[in-house]
Amino acid sequence: MLRHPCFYRTYTEFLSCWLEAGIFNLGVWPKKIHATTERYEECEAQDQTDQTGAQEFHRSQDGDSEARTTLHVPVMVDEVVRCLAPQKGQIFLDMTFGSGGHARAILEKESDITLYALDRDPTAYAIAERLSELYPKQVQALLGQFSQAEALLMKAGVQPGTLDGVLLDLGCSSMQLDAPERGFSLRNDGPLDMRMDGGRYPDMPTAADVVNALDQQALASILRTYGEEKHAKKIASAIVQARSIYPITRTQQLASIVAGAFPPSATYARKDLLQRSAHIATKTFQAFRIFVNNELNELYTGLRTAQKFLRPGGRLVALSFHSLEDRIVKRFLLGISMAERFNLSVRQKVTQTSQLGSGHDNREGVSPRRAPLMWELIHKKVLTPEDQDVQDNPRGRSAKLRAAIKL
C-alpha cells in the first residue's frame, strides 16, 4: 500500500489527462503531482533539519561515500570547462553538483570565482559542504531541487541576471547507481526506492509505491513515455500479475519480473551504444526513476531558472544522457514550444523548413510556435564524447553536450 492516499488518485487523474491530450504537459504536472514537496518548502525549520540530517547521514557513511566519489568519473570535463570559460571574479552555478568532478575542474581552471553548488541529493550536498571547507570564499553548498533553486539563490543573496555560467549534468550519477540501498540499479539488489532526494521527503512516493499502486494502463504509459519502451504493455501486465501474488519491493525482484515476460534469450539481447549486452529491464528502471523524481519537469524548471539568473552574455552548459532530456534542452535553446509534437514526419519537417525560409503560411497545419530567440548556440551541432573518453568512462557513452550564450 502507498504511504499517502492521494497518490494513486492524483497520478491516475493526470495520466488520463495526458493520454487524452496526447502531449507531455510540462506546465501542469509539477504543480499537481508533486505538491507534497511544496508543503515542505513552506517550513524553514524543516529545511534546516534536512541539511543537518544530510550532514549526519553522510558522516555515518564516510568510507563508502569516499570510495564512490573516487570511482565517479565526470563526463566531458574539458569540453564543459571550455564552454563555461571561467574568468577571475565570475559567478557560477553548478545545478547538479554530484560528487563535484566538474566543479573541481572549474576551480582548477580559475580558483578566483564564486561557485554555488546545488544538488537535491543529501549525500552530494554533504560532499559540496566539504568542498566549501577547502574553498571557503569560493564555494557555497545548496540543498534542493531545480524547482527550489530560485528561492535558494535569492536566500543566498544571488540576484537574477548576475550569474556568468550555469552547468546542468543531468540524469543519475555513478555515486547513486553504485549504492544498492538507493535502488537505482538493477545490477545489485536493494530496496526499490529511486528517490534522488533520499529521505528528505518521507511522504514522496518511491518506485515501489508506483509499481504496486498504479493500474496497468498507467504503468504502461510511464514505461512508454519515460523509458521509450516498445513492450510497455507486456511489461506492465507482468508487473500487475506479479504484484497480485506478492508486493514488489526489491530492485532485482522487479528486474526478474520484467525479464520473465520475455524468452530467456531476450534478457540480454539488447545492445547499448558500445554494442554491449544490456538487461531488458534497463528502460523500465529509467522510466520509473524519471517518473518518481519528476525529472523532466524539474529539468524544464531548471532551464528557466538558469535563464532568469544568467546575465546577458552568460553561458549555459547542459549534459544530457537520453533523448528525452536532450529534446527538452534543444527545444528550450531554440525557443520551440514544449507542447509541440516531438516526432514530425520527414515530409512535415521539410515542409516546415521551406515555409519558414520563404515566409509563407504553414499549409500543413504544423505550427512551429517558436518564441523569440534568447540564446546563441556555442556549437551548431551537439557535442558527444571522444572515443577515448568512452573507453575510459563507458557510463558517459550516451552523453550529449549543448552550450549557449544568453542574448
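The structure presented is a predicted model; accordingly, all values stated were derived computationally and were not measured.

S.K.: Give me the sheet that holds strand β7 (residues 310–320): which residues, what numbers.
M.R.: The strand order β3-β2-β1-β4-β7-β9-β8 describes an open sheet built from 7 strands, whose pairing is mixed. Looking at the sheet topology across the chains shown, the edges are occupied by β3 (139–143) and β8 (375–377). Across the sheet, the mean angle from the axis of one strand to that of its neighbour is 20°, orientation sign disregarded. Pairing of β7 with strand β9 (residues 400–406), which is carried by 6 bridges, proceeds in the antiparallel orientation. Note that in β9 the partner of Val-317 across the bridge is Ala-403.

S.K.: Which residues make up unusual backbone geometry, and what are the values?
M.R.: Despite not being glycine, Met-76 shows a phi value in the positive range, around 50°. Note that Met-76 resides in the loop between α5 (62–71) and α6 (77–84). Overall, Met-76 belongs to the buried group, its relative accessible area being 4%. Phi is positive for Met-194, which is not a glycine, with a value near 75°. Mapped onto the elements of the fold, Met-194 is located in the loop between α10 (174–177) and α11 (207–213). By relative accessible area, Met-194 is classed as buried at 0%.

S.K.: Which residues make up the side chain of Asp-94, and what values do they have?
M.R.: When you line up the elements, Asp-94 lands in strand β1 (residues 91–94). Although Asp-94 lies buried, it forms no salt bridge, and the closest oppositely charged side chain, Arg-104, sits 8.8 Å away as judged by the N-O distance. At a separation of 3.1 Å, a polar atom in the side chain of Asp-94 contacts the main-chain amide nitrogen of Thr-96. Once you skip the residues sitting within four places of it in the chain, Asp-94 turns out to touch His-102, Ala-103, Leu-115, Tyr-116, Ala-117, Leu-118 and Leu-167.

S.K.: For the pairing of β1, give the residues involved together with the corresponding values.
M.R.: Sheet topology note: the β1/strand β2 (residues 114–119) ladder contains 4 bridges and is parallel. Following the sheet pairing, Phe-92 is matched in β2 by Leu-115. Crossover connection from β1 via helix α7 (residues 101–109) to parallel β2: handedness right-handed. With 3 bridges joining them, β1 and strand β4 (residues 163–169) adopt parallel strand pairing.

S.K.: Hey, could you go over the environment of Cys-172 for me, with residue numbers and the actual values?
M.R.: With respect to the helices and strands, Cys-172 occurs in the loop between β4 and α10. Here the alpha-carbon distance between Cys-172 and Met-196, two residues 24 residues apart in the chain, equals 8.3 Å. When neighbours within four sequence positions are excluded, Cys-172 is seen to be in contact with Leu-177, Phe-184, Met-196 and Arg-289.

S.K.: Just give me the short version of the packing of helix α13 (residues 232–243) against helix α14 (residues 251–260), but keep the residues and values in it.
M.R.: The N-to-C vectors of α13 and α14 enclose an angle of 125°; their axes lie 9 Å apart at closest approach. Of the possible angle classes, the one that applies to α13 and α14 is oblique. Crossing geometry of α13 relative to α14 is assigned as right-handed. Counted together, Ile-235, Ala-238, Ile-239 and Ala-242 of α13 and Leu-254, Ile-257 and Val-258 of α14 form the full contact between these two elements.

S.K.: Which residues make up a negative patch on the surface, and what values do they have?
M.R.: A surface patch of like charges, here negative, comprises Asp-78, Glu-386, Asp-387, Asp-389 and Asp-392. The element contributing the most residues to the negative patch is helix α19 (residues 387–392), with 3 residues. Assignment of secondary structure puts Asp-387 in helix α19.

S.K.: How would you summarise the environment of Phe-97 if you had to cite specific residues and measurements?
M.R.: The residue Phe-97 is located in the loop between β1 and α7 in this model. For Phe-97, a relative accessible area of 3% gives the class buried. With 72 residues separating them in the primary sequence, Phe-97 and Asp-169 have C-alpha atoms 8.0 Å apart. Excluding residues that lie within four positions of it along the chain, Phe-97 makes contacts with Ala-103, Ala-117, Leu-118, Asp-119, Ala-124, Ile-127, Ala-128 and Leu-131.

S.K.: Can you break down helix α12 (residues 216–226) residue by residue, with the values?
M.R.: Across the 11 residues that make up α12, a large majority, 8, are buried. Of the residues making up α12, those classed as buried are Ala-218, Leu-219, Ala-220, Ser-221, Ile-222, Leu-223, Thr-225 and Tyr-226. The residue sitting at the N-terminus of α12 and contributing the capping side-chain oxygen is Asp-215; that oxygen lies 3.3 Å from the backbone nitrogen of Gln-217. Two residues or fewer after α12 comes Glu-228, characterised by a positive phi angle close to 50°.

Cut-offs and rules
Residues numbered from 1 in each chain as written. Predicted model: local features only at pLDDT ≥ 70, side-chain atom pairs only at ≥ 80, totals over all residues. Heavy atoms only, no water. Pairing = 2+ DSSP bridges. Helix = DSSP H or I, 4+ residues; strand = E, 2+ residues; numbered from the N terminus. Axes fitted to C-alpha atoms, helices over the stretch in contact; angles between N-to-C directions. Buried < 20%, exposed > 50% of the residue type's maximum accessible area, 1.4 Å probe, protein only. Lys, Arg positive; Asp, Glu negative; His and termini not counted. Salt bridge = Lys/Arg side-chain N within 4 Å of Asp/Glu carboxyl O. Polar contact = N/O pair within 3.5 Å; in protein donor to acceptor, adjacent residues only side chain to side chain. Contact = heavy atoms within 4.5 Å. Right-handed = clockwise from strand over helix to strand, strands pointing away. Parallel < 35°, antiparallel > 145°, perpendicular 65-115°, else oblique. Left-handed = near helix turned anticlockwise from the far one by under 90°. Patch = residues over 30% accessible without salt bridge, like charges linked within 9 Å, V, L, I, M, F, W, Y side chains within 5 Å. Areas by Shrake-Rupley, 256 points an atom, 1.4 Å probe, with all protein chains shown as cover. Charge placed at Lys NZ, Arg CZ, Asp CG, Glu CD.

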